[in-house]
Amino acid sequence: KLNVRPTSEKTLYTLFELAQKYLTYVYLGNLSSDVGQNTYCPMCGNLAIRRKAYVVDFPGLTMDGLCKNCESLIINRNT
């Protein structure tokens, strides 16, 4: 048995902010918060993927994985 404490929310938020400096699509999982849950288009800022608990929907994406606002590729469905 390992006695490992869960990562603190403060640490998760700090790492989230750091990761956003280097990566395009970063979100926090397994955390009950309105911050860091959703994915936005990096080109226009449109809400592409919305996450709430275990529910995920795609209000800003076309069926081809493009941003509905500016048509930038968000999800490559060909890979």
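Below: a short report on this structure. (Residues numbered from 1 in each chain as written. Predicted model: local features only at pLDDT ≥ 70, side-chain atom pairs only at ≥ 80, totals over all residues. Heavy atoms only, no water.)

Let's talk about the layout of surface pockets
Okay, step 1: Within this model, the largest pocket holds a volume of roughly 300 Å³.
Okay, step 2: In terms of lining residues, the largest pocket is bounded by 14 residues, among which Asn-30, Leu-31, Gln-37, Ala-53 and Tyr-54 are the most central.
Okay, step 3: Within the residue set of the lining of the largest pocket, elements represented by two or more residues are strand 2 (47–52) and strand 3 (55–57).
Okay, step 4: Looking at the lining of the largest pocket residue by residue, the class counts come to seven nonpolar, five polar and two charged.
Okay, step 5: Approximately 180 Å³ is the volume attributed to the second largest pocket.
Okay, step 6: Contributions of two or more residues to the lining of the second largest pocket are made by helix 1 (9–22) and strand 1 (39–40).
Okay, step 7: For the lining of the second largest pocket, the residue count by class is six nonpolar, six polar and one charged. (1 Å grid on protein atoms, 1.4 Å probe; cavity = no way out; pocket = protein on both sides within 12 Å on 5 of 7 lines; lining within 4 Å. Points joined across faces, edges and corners; volume = space filled by probe spheres on them. Helix = DSSP H or I, 4+ residues; strand = E, 2+ residues; numbered from the N terminus. Nonpolar A, V, L, I, M, F, W, Y, C, P; charged D, E, K, R; others polar.)

As for the environment of Asp-64
Okay, step 1: Structurally, Asp-64 can be placed in the segment after strand 3.
Okay, step 2: What makes Asp-64 exposed here is its relative accessible area of 57%.
Okay, step 3: Excluding its chain neighbours within four sequence positions, the residues that come into contact with Asp-64 are Leu-73, Ile-75 and Arg-77. (Buried < 20%, exposed > 50% of the residue type's maximum accessible area, 1.4 Å probe, protein only. Contact = heavy atoms within 4.5 Å.)

Details of the environment of Arg-5
Okay, step 1: Position of Arg-5 among the secondary structure elements: in the segment before helix 1.
Okay, step 2: C-alpha separation for the pair Arg-5 and Pro-42, spaced 37 residues apart in sequence, amounts to 34 Å.

So far we have only geometry, and geometry alone does not tell us how the molecule works.
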